[in-house]
Amino acid sequence: MPIKQDEEISYDELQTLTKEKDYVPETAGLARGSQGADVDRLQRYLTMFGYVETPVRSDFGLERIEITPPKKGVFDAKTEEALKRFQEFNNLTPTGEMDEPTLELMSKPRCGFPDVGEFTLDGRRWPNTTLTFGYESFSPDLTQAQIRAAIRQALDLWAAVTPLRFNEVPMASNPDIVVRFVAGNHGDGSPFDGASGVLAHAFFPPPNGGSLAGDTHFDEAEAWSVNLPASGIDLVTVAAHEFGHALGLAHSTVSGALMAPFYNGPHRNLEADDIAGIRAIYGTGGGWASLGGIITSNIAATRNADGRLEFFARGTDNALWHRWQTAPNNGWAGWASMGGVITSDPVTAQNADGRLEIFVRGTDNAVWHRWQTAPSNGWSGWASLGGVITSNIATARNADGRMEIFARGTDNALWHRWQTAPGNGWAGWASLGGVITSDPVTAQNADGRLEVFVRGTDNAVWHRWQTAPSNGWSGWASLGGVITGNIATARNADGRLEIFARGTDNALWHRWQTAPNNGWSGWASLGGSITSDPIVVQNADGRLEIFVRGTDNAVWHRWQTAPSNGWSGWASLGGAINGNIASARNQDGRLELFVRGTDNAVWHRWQTAPNNGWS
Ligand SMILES: [Zn+2]
Ligand SMILES: [Zn+2]
């Protein structure tokens, strides 16, 4: 049965094709003493998948086993012993006879890696946790972008539960893991077998497998697919399984595990047995975990009045989507849409009475908002606050509890609106003048006065401040510097404001008030080479901590070593992210980060204790 690329293939058809392989027995009933062609097929199956000693086992880095080749075409004691082991490995009754359940299982498509590999800690792990991968060939079944996304998704499953990190490099850079789509005999002693049957195989880490170590081969004769439900063989599933071998895992005897030998259709997640196996080799370090979704904006993260974190982002439908913790410090509800058609990052604020409110720019370039109708509760519909804006929105709460929003107008001046009473109606738009080239950001001085920071046309930082809490505004003043991107602000534990921005050298620079509500230090560099806007958050003990994306697309951070004090060096939190980082503090004081991954899903990592280490 030929497979056309644009044709769907059902699981039944995959089994029919597997039954036609010359290594799959045709009939049940074979037992000790049987002879003939079908015994020969059974012996070939048992040899091919590692139940009889064969040089192929050592090609894949497995130890020798004591079952030597049986007499060809004769169901002898060795054949019986090998068949019993197959049955035991795969949770069938070890009858030692060719019964129906055994025949059924042998007719399933599977991985070409031999079974019966006892896991050992010696020589089966990569010496580093940052690994490279590259493509020697692609499959014409899918676009290169689809293949890259599927391979990335598969690798990310392992990265999410370990310290392992994967970077794609060109073949010229000699990647650790070489991905190939190949048909038939392709030079490694384990030829592929046409459609169905063996789907793929991969080789253990060095020193096993020599130059093949870590390499992952997919049978090009398969109809590879990435859609769900699958129209062919699901590439994400098979790749995730094969990368398990490339990282040092043998086949699992747990039938529901991703690392079990047989393909039963899409299975794009790790099971407990897979996670335990990979963590036994590499440890638990790498705490980024996926919250799914496909988002197209930066994330806004906040905490509800009742302590539950919630975050917001734009979906591929340009509507606003959100997820929330079902209890403080706890697990997450599924994604839900808040509708709308939005053209900016979302921003959140909290009303004086604890109700969250969210602000976005609409397709009409006006500001639109929705608000919780009660603290930690349901939401109003969308309402327009008018205006025509050209930046993301900044929010602040005045000392008297009134919310205030800021954005750049079409005249590039800074405009604002404010609640006329806490939690209440809004005044009209008013201009604060200036000519600005960034999103505005706000901070609140220790004495309650709001202060707003922007980048000017000279790329310096400019600011204005309320002359009294909840009151009128000073004129514009420059804080100098030459910055790229948006500014981050925070208030130190001792009440002094501090600002952070990326310089033209891509290092992080900062200035701080020399006393609360007062004058400013000069600019100082915190070094680094950053590729996002910085964000700054306050730990439960008052120490500021800053997060940026590095040139490696990982999250990097520095933190004050004591409240209002000096700074640690840079450290990586790993990950592979798009855009800016969002953070919120759990009710129990633990910081949590939210990022858009390179797969456009939301990923998060959290402190395992307040002020402390990371998941
Ligand atoms: Zn396998
Ligand atoms: Zn191969």
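The following refers to the structure shown. Quick caveat, the model's predicted, so the values are computed rather than measured. (Residues numbered from 1 in each chain as written. Chains lettered and ligands numbered in written order. Predicted model: local features only at pLDDT ≥ 70, side-chain atom pairs only at ≥ 80, totals over all residues. Heavy atoms only, no water.)

1. Concerning the overall build of the protein chain
In terms of helices and strands, the protein chain carries eight helices and 35 strands. Across the 615 residues that make up the protein chain, the buried fraction comes to 56%. Carbon and sulfur atoms provide 50% of the accessible area of the protein chain, an area that totals close to 22,800 Å². Averaging the positions of the 48 positive and the 65 negative side-chain charges in the protein chain gives two centres separated by 7 Å. (Helix = DSSP H or I, 4+ residues; strand = E, 2+ residues; numbered from the N terminus. Buried < 20%, exposed > 50% of the residue type's maximum accessible area, 1.4 Å probe, protein only. Areas by Shrake-Rupley, 256 points an atom, 1.4 Å probe, with all protein chains shown as cover. Lys, Arg positive; Asp, Glu negative; His and termini not counted. Charge placed at Lys NZ, Arg CZ, Asp CG, Glu CD.)

2. Some thoughts on the pattern of salt bridges
With the rule as written, the count across this model stands at 22 salt bridges. The salt bridge partner of R148 is E168, with a shortest N-O separation of 2.8 Å. Pair noted here: R148 is in helix 6 (residues 144–159) and E168 is in strand 2 (residues 165–168), with a separation of 20 residues, a long-range link. One continuous salt-bridge network, built from bridges that share partners, spans D22, D40, R44 and K72. (Salt bridge = Lys/Arg side-chain N within 4 Å of Asp/Glu carboxyl O.)

3. Describing the environment of W332
Take W332: it is sitting in the loop between strand 11 (320–324) and strand 12 (336–339). Spatially, the C-alpha atom of W332 lies 8.4 Å from that of L291, the residues being 41 residues apart in sequence. Residues contacting W332, with those up to four places away along its chain left out, are L291, L309, E310, F311, R323, W324, Q325, T326, E592, F594 and H604. (Contact = heavy atoms within 4.5 Å.)

4. Considerations on the packing of aromatic side chains
Overall, the coordinates contain 26 aromatic pairs when judged by the stated rule. Consider the rings of F60 and F113, whose centres lie 5.3 Å apart with planes at 65 degrees: the pair is edge-to-face. In this pair, F60 is assigned in the loop between helix 3 (55–59) and helix 4 (77–89) and F113 in the loop between helix 5 (100–106) and strand 1 (130–135), connecting sequence segments 53 residues apart. For F60, a relative accessible area of 1% puts it in the buried group. Ring plane angle 55 degrees and centroid distance 5.3 Å describe the contact between F311 and W332, whose orientation is recorded as tilted. A residue pair is termed long-range when its members are at least 10 positions apart, and F311 in strand 10 (residues 309–314) and W332 in the loop between strand 11 and strand 12 qualify at 21 residues. W332 carries the same exposure label as F311, and that label is buried. An aromatic cluster is built from Y23, Y45, F49, Y51, F86, F89 and F262, whose rings are joined through pairwise contacts. Here the basic side chain of R110 rests over the ring of F49, its NZ or CZ set 3.7 Å away from the ring centre. (Phe/Tyr/Trp six-rings, centres within 6.5 Å; stacked < 30°, edge-to-face > 60°. Lys NZ or Arg CZ within 6 Å of the ring centre and 35° of its normal.)

5. A look at the coordination of the zinc ion (ligand 2)
Coordination of the zinc ion (ligand 2) by the protein is provided by H186 (NE2), D188 (OD), H201 (NE2) and H217 (ND1), with metal-donor distances spanning 1.9 to 2.0 Å. In this structure, the zinc ion (ligand 2) is surrounded by four donor atoms whose angles at the metal cover 96 to 116 degrees, and the resulting shape is tetrahedral. Along the chain, the residues donating to the zinc ion (ligand 2) are arranged with the sequence spacing H-x1-D-x12-H-x15-H. Residue D188 is found in the loop between strand 3 (177–182) and strand 4 (200–202), and its partner H201 is found in strand 4; the two are separated by 13 residues along the sequence. Here D188 matches H201 in class, with each residue buried. (Donors = N, O, S within 2.8 Å, 3.2 Å for Na, K, Ca; no water. Tetrahedral: all angles 85-135°; square planar, octahedral: opposite > 155°, others 65-115°.)

6. A closer look at the nonpolar core
Core analysis: the largest hydrophobic core is formed by 60 residues, its most contacted members being F218, F243 and F547. If one sorts the elements of this core by residue count, helix 6 sits on top with eight residues. Dropping the residues within four chain positions of it, F547 is found in contact with D533, P534, I535, V537, V555, W556, H557, L573, I581, L591, L593 and W614. By size, the runner-up hydrophobic cluster in this structure holds 26 residues, among which are Y23, L30, V39 and F86. (Core = buried A, V, L, I, M, F, W, Y, C linked by side-chain atoms within 4.5 Å.)

7. Some words on the side chain of R314
Its location among the elements puts R314 in strand 10. Buried R314, no salt bridge; nearest opposite-charge side chain is D345, N-O distance 6.3 Å. Within polar-contact distance, the side chain of R314 engages the backbone oxygen of T296 at 2.8 Å. Dropping the residues within four chain positions of it, R314 is found in contact with I294, I295, T296, S297, A319, I342, T343 and S344. (Polar contact = N/O pair within 3.5 Å; in protein donor to acceptor, adjacent residues only side chain to side chain.)

8. Overview of helix 1 (residues 11–19)
Since the α-helix packs 3.6 residues into each turn, any two residues three or four apart lie on the same face. What helix 1 keeps buried is the set L14, Q15, L17 and T18. Buried positions in helix 1, seen along its axis, are confined to an arc of 160 degrees and lie on one side of it. Where helix 1 is buried, its residues touch helix 5 and strand 7 (233–234). (Arc of directions from axis to C-beta.)

9. Concerning unusual backbone geometry
Backbone geometry follows two general trends: most residues other than glycine have a negative phi, and most peptide bonds adopt the trans configuration. In this structure, P207 follows P206 across a cis peptide bond, with omega equal to 5 degrees. Inspection of the secondary structure puts P207 in the loop between strand 4 and strand 5 (216–219). Following L228, the chain continues to P229 via a peptide bond in cis, the omega torsion being -5 degrees. Backbone geometry places S564, a non-glycine residue, at a positive phi of 60 degrees. Within the secondary structure, S564 is located in the loop between strand 31 (555–559) and strand 32 (571–574).

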